[in-house]
Amino acid sequence: MRDLVEIGMGRTARRAYDLDDVEIVPSRRTRSSGIVSTAWQIDAYRFDLPLVTHPTDAIVSPSSAVAIGQLGGLGVLNAEGLWARHANVDEVIQRLAEATKDEDPTALVRLLQELHSAPVRPELLTEALKTVRESGVTVAARVSPQRAAELTPQLIAAGVEILVVQGTIVSAEHVARDDHPLDLKEFIGGLDVPVIAGGVADYRTAMHLMRTGAAGVIVGHGYTPGVTSTDRVLGIGVPMATAIIDAAAARRDYLDETGGRYVHVLADGGMTSSGDIAKSIACGADAVMLGAPLAAASEAPGHGLYWTAAAAHPSLPRSRVAAGPDFEVDLRTLLFGPSSDAEGTVNLFGALRRAMAKTGYSDLKEFQRVGLSVRR
């Protein structure tokens, strides 16, 4: 039964919970973390870590995508980002760093808007993807729904193996007056590569996306405290624990509906620590999309700055450019430790293994069944 509360005369709202509101409950069994597996697989592609990067230029360059892939995760290059538009991205990011000194708080976003007004150059995009492909790691790229039909043929020709169709909010049914919106079911049906689509925030939309043939559904809007502003700009927010659990319920029902087709759930947003990653998996996610927590990596091209693709929207930006963590560490240490930090910002996936071991679960699918408690 839905937990409804009255918020005024004749108007009710569903009570929903964020990751901070839930805790993982220990079970009667523990096990050694050395025998715990964090591996997962989507379509034919297997990964040692349930890590998919949020597709932002602040985190993912061709070289950092390679580094992430070699460590067991999936780096997703933004096919509409800086590497697709500028030949001198290092100099471009240096301009962003210099703009942090501007007293005008809108200067950084205006600069990002200017930089993204340059056209996408096919030869630059192909070259960026070539770097990833030649390293031998899985090649993934993100496109917006608005440009998916235009850019995808080039991406496939350049070797993309997993396509991510991501916007702040993505639906399977888009109504428009003058243009021809992307028909996701037709679009996905015409491709030979798996497609991950989102973000969504509720059971019904997740189910509709699963029925398009998507191999994975992104849950959440990439919310990062102090960075993303979708809630302030659009008034739209998503309590992540409830959203993940609802999408996992859609996955279960779709599995029954189709007689065995499993669609992966990827949690995107609301995670600032290793405990949040563990709780996202416990709520039912198969993997997490991380952005801001990876900004501390020395390999991150933003060099401590963080923003999402929504920052460059030409008329309604929904992300600030913010300073990342106040420390820098190499990517391997960030993911696997060792750590001297007691706040869960380093050794992100070593902590996930420990959480699974402490509660007695040996793999991610088992851990999705762990008990949860609510603080309030």
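Structure shown above.
About the criteria used
- Residues numbered from 1 in each chain as written.
- Predicted model: local features only at pLDDT ≥ 70, side-chain atom pairs only at ≥ 80, totals over all residues.
- Heavy atoms only, no water.
- Helix = DSSP H or I, 4+ residues; strand = E, 2+ residues; numbered from the N terminus.
- Rg over C-alpha atoms; globule rule 2.2 N^0.38 Å.
- Buried < 20%, exposed > 50% of the residue type's maximum accessible area, 1.4 Å probe, protein only.
- Contact = heavy atoms within 4.5 Å.
- Areas by Shrake-Rupley, 256 points an atom, 1.4 Å probe, with all protein chains shown as cover.
- Lys, Arg positive; Asp, Glu negative; His and termini not counted.
- Charge placed at Lys NZ, Arg CZ, Asp CG, Glu CD.
- Phe/Tyr/Trp six-rings, centres within 6.5 Å; stacked < 30°, edge-to-face > 60°.
- Lys NZ or Arg CZ within 6 Å of the ring centre and 35° of its normal.
- Polar contact = N/O pair within 3.5 Å; in protein donor to acceptor, adjacent residues only side chain to side chain.
- Pairing = 2+ DSSP bridges.
- Axes fitted to C-alpha atoms, helices over the stretch in contact; angles between N-to-C directions.
- Parallel < 35°, antiparallel > 145°, perpendicular 65-115°, else oblique.
- Left-handed = near helix turned anticlockwise from the far one by under 90°.
- Nonpolar A, V, L, I, M, F, W, Y, C, P; charged D, E, K, R; others polar.
- Arc of directions from axis to C-beta.
- Core = buried A, V, L, I, M, F, W, Y, C linked by side-chain atoms within 4.5 Å.

Report on the overall build of the chain, specifying residues and quantitative values.
A count of helices and strands for the chain gives 13 helices and 16 strands. Its C-alpha radius of gyration of 20 Å places the chain within 12% of the 21 Å reference for a compact globule of 376 residues. Within the chain, the proportion of its 376 residues that are buried is 53%. By sequence separation, contacts in the chain at least 24 residues apart represent 68% of the contacts at least 6 residues apart. Of the roughly 17,100 Å² of accessible surface on the chain, a fraction of 48% belongs to carbon and sulfur atoms. Positive and negative side-chain charges in the chain, numbering 36 and 45 respectively, have mean positions lying 6 Å apart.

Can you break down the packing of aromatic side chains residue by residue, with the values?
Each aromatic ring pair is described using two quantities: the centre-to-centre distance and the angle formed by the ring planes. Evaluation of the coordinates by the stated rule reveals two aromatic pairs. Between the aromatic rings of Tyr361 and Phe367, the centroid separation amounts to 6.1 Å while the plane-to-plane angle is 65°, which identifies the pairing as edge-to-face. A single burial state applies to Tyr361 and to Phe367, both of which are buried. If you follow Lys365 out to its NZ or CZ, it ends over the ring of Tyr262, 4.6 Å from the centre.

Run through the side chain of Thr359, naming residues and quoting values.
Summarising the element assignment, Thr359 is placed in the loop between helix H12 (348-358) and helix H13 (364-367). The class for Thr359 is buried, based on a relative accessible area of 5%. Among the polar contacts listed, one links the side chain of Thr359 to the backbone oxygen of Met356, at a separation of 3.2 Å. The contact partners of Thr359, leaving out residues within four places of it in the chain, are Ile24, Val25, Pro26, Ser27, Arg29, Phe367 and Val370.

Now, about helix H5 (residues 148-157): what can you tell me, with residues and values included?
Listed in full, the buried residues belonging to H5 are Ala148, Leu151, Thr152, Gln154 and Leu155. Lining the buried residues of H5 we find helix H4 (122-135), strand S8 (140-143), strand S9 (162-166) and helix H6 (184-189). After H5 finishes, the residue Gly159 shows a positive phi value of roughly 105°.

Would you mind going over the pairing of S8 in detail, with residue names and values included?
The alternating pattern of S8 places Ala140 and Arg142 on one face and Ala141 and Val143 on the opposite face, and all of these are buried. Here strand S7 (residues 76-78) pairs with S8 via three bridges, running parallel. Bridge pairing in S8 places Val76 opposite Ala140. The sheet contact formed by S8 and S9 spans four bridges and is parallel.

How would you summarise the environment of Arg211 if you had to cite specific residues and measurements?
Locating Arg211 in the fold gives a position in the loop between helix H7 (203-210) and strand S11 (216-223). Residue classification places Arg211 among the partly exposed positions, given a relative accessible area of 38%. Counting along the chain gives 68 residues from Arg211 to Lys279, while the straight-line C-alpha distance between them is 27 Å. Excluding its chain neighbours within four sequence positions, the residues that come into contact with Arg211 are Lys185, Tyr254 and Glu257. Within the structure, the side chain of Arg211 is placed 2.7 Å from the side chain of Glu257, a separation counted as a polar contact.

Break down the side chain of Thr152 for me, with residues and values.
By the secondary structure assignment, Thr152 is in helix H5. In this structure Thr152 touches Val143, Leu163, Phe187 and Leu191, once residues within four positions along its chain are discounted.

Can you lay out the packing of H7 against helix H9 (residues 240-258) for me, pointing to particular residues and giving the numbers?
In a packed pair of helices, the relevant descriptors are the angle between the two axes and the axis-to-axis distance. Two elements in contact, H7 and H9, have axes separated by 8 Å at closest approach and are oriented at 40°. The orientation of H7 with respect to H9, classified from their angle, is oblique. Crossing geometry of H7 relative to H9 is assigned as right-handed. Between H7 and H9, the contacting residues are Tyr203, Ala206, Met207 and Met210 on the first element and Asp246, Ala247, Ala249, Ala250, Arg251, Asp253, Tyr254 and Glu257 on the second. The class makeup of the residues in the contact of H7 with H9 is eight nonpolar, no polar and four charged.

Could you give an account of helix H2 (residues 89-99), with specific residues and numbers?
All of the buried residues in H2 are Val89, Val92, Ile93, Leu96 and Ala99. Burial along H2 is one-sided: seen end-on, the buried residues are contained in an arc of 110°. Exposed positions of H2 whose direction lies more than 90 degrees from the buried face are Asp90 and Glu91. Residues of H2 that are buried in the fold lie against helix H3 (107-115) and strand S14 (305-306).

Quick rundown of the pairing of strand S2 (residues 11-14)? Include the residues and the values.
Regular strands place their side chains on alternate faces of the sheet. In the sheet, strand S1 (residues 4-8) pairs with S2 via four bridges, with the strands oriented antiparallel. Opposite Glu6, over in S2, you have Thr12 as the bridge partner. Hairpin connection between S1 and S2: a loop of two residues separates the two successive antiparallel strands, and Gly10 in this loop has a positive phi of roughly 75°.

Account for the nonpolar core, with residues named and values stated.
Counting residues in each nonpolar core, the largest one holds 122 residues, and the members touching the most others are Leu129, Leu155, Leu290, Trp307, Phe349 and Phe367. Among the elements that line this core, the one with the most residues is H9, at seven residues.

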